[in-house]
Each structure stands twice: as C-alpha cells, then as structure tokens.
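A look at the structure
So you can see what is in the structure, the chains are spelled out below.
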Amino acid sequence: MYKLLMIPLMLVLWLAMYGSGMEQELAMKFYYKAKQAVNRGAHAAALQIDQVSLADGVFQLDVDRAKTEAESYIYRNLNLDQSGNPTEASFVNERVEIVHFEILEAELIYPYPYELEQYSFSTVFHSPAVIIVLNISYPGIFSNGNPVEWNIVGSAQLVPL
Amino acid sequence: MKQLLAFILLASLLCWMMFAPVYKHVYILRHALLQQEVDYLLEVSTSGQYGYIPIALIEQSRNRLAGFGLNPEMLVYEGTSTLGQAVIEAPPVPRGEGIALHLSYPMGNLFAIDALIGVPAPDKRYITAYGVQMSEFVDW
C-alpha cells in the first residue's frame, strides 16, 4: 500500500517541476515580446523628425509626435487598446506603464555618452535619440499573486536620410 | 475489481503526466518560432530597402519553419499596413506608416491529451504571432 502512495506523491513533485519549467518558458517569451514592443515604440519615435527645424538644417525629433507614436506602437504590439488598457486579445492583463520617456535634443554634443542610472542603462548615442522604459509584469499561472516584474529599457536613435 | 479500477485510473494519469508537459512545450516552442519569424520579417520589410514584405522572404520563412517540423502549407501570413492596404508583394508603405503581420498555424491535436483526464482544450484553434513596426521606406 505504501508503494502505491509513492506514486501520487511523486506525481505532485513532477507536476510542480514541470509547472515551474513551463512558467519560466512563458515568462521569457513574455519578456521578449515586451522587449520587441518597446524597441518598436522607440524605433517609431525615432522616425519623427521635426519638420520645422529640418527646414533650418537641424535634425531633431518632434517630442509630441514621438511620444504619441511610441505609445501607439507599444500598445499595438502588446494588443492593448488606444489608452493602454488590456483587451481580450492581449496577453497582458494589467495596464502597462511607460515609466521613463526621454528625447535627446539636437543641441547636445554627439557622440553623447548617455547614462540612466536608475535602470542601469548606459550607451553612446551618435544622433538625437529616444529612450523608453516600460514597466510590465507577468502574472504567471502557478505563482499566484507573485508576478514577475520588469523595467524594460529600449532606445533608438535618429538615422538621417 | 477494485484493483483493476485503480490500475486504469493510475495508468491514464501516468500517461497524461508523462506526455502532457511535452505537448505544452511543443506549443510554447511553436509560438516562439512563429514570433521569431514575424520579428525577422518585420525587421527586414520595414527597412528603407523594401517597405513591403517580398514574397521570396515569405517562401524562405516557410522553408525555415518546415525545418522545425511545421507543415509549410498550413502557415498563414496576413500582412496589412496601418493605412489598411496590402503589404505582401505590394507597393511600398511610406515612412511613418506601420506594417503589421499576423502569422498563424493550426493548433492541431496538441491539447487532445488533456481530454484524457477531463481538462477541456482551449477555444483557440490557431497559434498566432503578431507584430507591427513602422516603415522606414522613403520614395526618392
């Protein structure tokens, strides 16, 4: 009889192991998807050249349009609605938040060493750039009430035509 | 009789235990593969060189996925621009507009094994990957 008891006990152990393995796979997939969304948002923002200063020969980003486009591309890639709320199609079930949005002006001296200490991000930009940090959390299937949370940094710089 | 019943229950549970996680893994992996193809196709097609998704790239993508054991005929590539026009072998999407790509593949019987212990399969019949990226194409 005790031998039979071993089987259910082992089943529980195996299931827990498979579960945590699967959870990790899903979390990584989730992370990459979010990272792609941030990258595409930054990319779209970096394409928004300020037409007025371009007329004066200055390559600069249009802050308002860059922000709108960045938000719209991040939300679209995550299948969220216009204002960043989850829809039925989205794999996120919480609001995502852009915690940092920064545009480097054309007046800076390039190459410009940039550092964002808070999110341990540093790089060198060669032209006006966009830096976005997105806060997103993966709820998990088996880890109830204990979500994995990331601050995902993405950046893109303006590439003149 | 009781022993026989216990044996049947345990055997089916054991079968499910051994194979169900493998099927789940296949599902996760297939989704990741589709997502990878979408990311790659978007990266190339939104570049200044194309502005659309060339049919040759889609053929290559089908072949790559066939190498992972997917049936290339069942892959469905659906591309649209944010303006609503077609993007697969179509006039280039201008800079500032986005190219969106949906890639779907039938789920097949990946969740059939769950029926063995009475867990219903999800409603979704397709594994889908999606992405949208802004085009860099400029008409000189």
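Residue and element names in this part refer to chain A. Taking strand neighbours across the sheet as the criterion, the three strands line up as β1-β4-β5 in an open arrangement whose pairing is antiparallel. Both outer strands of the open sheet, β1 (97-103) and β5 (148-157), are each paired with one neighbouring strand and no more. With strand direction ignored, the average angle separating the axes of adjacent strands in the sheet is 15 degrees. Across six bridges, the pairing between β1 and strand β4 (residues 129-138) is antiparallel. Paired with Glu102 across the bridge in β4 is Ile131. Helix-sheet contacts for helix α1 (residues 2-46) involve β4 and β5, and the interaxial angle to β5 is about 30 degrees. Helix α3 (residues 63-77) rests against β1 and β4 of the sheet, and its axis sits at about 145 degrees to β1.

Time to look at the sheet that holds strand β3 (residues 126-134) of chain B. Residues and elements named next belong to chain B. Reading across the sheet, the three strands line up as β1-β2-β3 and stay open at both edges, with antiparallel pairing between neighbours. Strands with a single pairing partner mark the edges of an open sheet, and in this sheet they are β1 (76-81) and β3. If you compare each strand with its neighbour and ignore which way they point, the axes differ by 15 degrees on average. With nine bridges joining them, strand β2 (residues 98-106) and β3 adopt antiparallel strand pairing. Residue pairing across strands places Gly98 opposite Met134, the latter belonging to β3. Lying on the sheet, helix α1 (residues 2-45) is in contact with β2 and β3; it crosses β3 at an angle near 25 degrees.

As a further point, take the nonpolar core. Residues Ala46(A), Ala70(A), Val130(A) and Leu134(A) are the most contacted members of the largest nonpolar core, which totals 50 residues. Mapped by element, the contributors of at least two residues to this core are α1, α3, β4 and β5 of chain A together with α1, β2 and β3 of chain B. The contact partners of Leu134(A), leaving out residues within four places of it in the chain, are Ala34(A), Val38(A), Ile74(A), Val96(A), Ile98(A) and Ile152(A).

Residue and element names in this part refer to chain A. α3 packs onto α1 with a crossing angle of 155 degrees between their chain directions and a minimal axis gap of 8 Å. In terms of orientation, α1 lies roughly antiparallel with respect to α3. When the axes of α1 and α3 are compared, the crossing they make is right-handed. Where α1 abuts α3, its residues Gln36, Ala37, Val38, Arg40, Gly41, Ala42, Ala44 and Ala45 lie against Ala66, Glu69, Ala70, Tyr73, Ile74 and Asn77. In the contact of α1 with α3, the residues fall into nine nonpolar, three polar and two charged.

This part takes up the confidence of the model for chain B. Residues and elements named next belong to chain B. Averaged over chain B, the pLDDT score is 88; the fraction of residues at 70 or greater is 100%. Mean pLDDT values for the elements of chain B range from 89 in α1 up to 94 in helix α2 (residues 55-66). As a predicted assembly, this complex carries a pTM of 0.87 together with an ipTM value of 0.84.

End to end, α1(B) covers 64 Å across 44 residues, agreeing with the expected 64 Å (1.5 Å per residue, within 8%). At Phe19(B), α1(B) shows its largest kink, close to 30 degrees, and the proline Pro21(B) lies no more than four residues downstream. Each element contacted by the buried residues of α1(B) is listed here: α1 of chain A together with α2, β2 and β3 of chain B.

Turning our eyes to something else, we now look at the interface of chain A and chain B. On the chain B side, the residues contacting the 19 residues of chain A number 20 residues. Elements supplying a minimum of two residues to the side of chain A that touches chain B: α1 and α3 of chain A. The element contributing the most residues to the side of chain A that touches chain B is α1(A), with 13 residues. Its residues assigned to classes, the side of chain A that touches chain B comprises 10 nonpolar, four polar and five charged.

This paragraph deals with the environment of Leu61(A). Residue and element names in this part refer to chain A. Topologically, Leu61 is positioned in the loop between α2 (51-55) and α3. Taking the C-beta count within 10 Å as the criterion, Leu61 has 25 such neighbours and is therefore assigned buried. Through-space distance from the C-alpha of Leu61 to that of Gln36 is 22 Å; in sequence the pair is 25 residues apart. Setting aside residues no more than four positions away along its own chain, Leu61 makes contact with Ala46, Gln48, Ile49, Asp50, Ala66, Ile103, Pro128, Val130 and Leu158.

About the criteria used
Residues numbered from 1 in each chain as written. Chains lettered and ligands numbered in written order. Predicted model: local features only at pLDDT ≥ 70, side-chain atom pairs only at ≥ 80, totals over all residues. Pairing = 2+ DSSP bridges. Helix = DSSP H or I, 4+ residues; strand = E, 2+ residues; numbered from the N terminus. Axes fitted to C-alpha atoms, helices over the stretch in contact; angles between N-to-C directions. Contact = placed C-beta atoms within 7 Å. Core = buried A, V, L, I, M, F, W, Y, C linked by C-beta atoms within 7 Å. Buried ≥ 20, exposed ≤ 12 C-beta atoms within 10 Å, placed from the backbone. Parallel < 35°, antiparallel > 145°, perpendicular 65-115°, else oblique. Left-handed = near helix turned anticlockwise from the far one by under 90°. Nonpolar A, V, L, I, M, F, W, Y, C, P; charged D, E, K, R; others polar. pLDDT = per-residue confidence, 0-100. Expected span 1.5 Å × (residues − 1). Bend = angle between axes of the 7 residues up to and from the residue.

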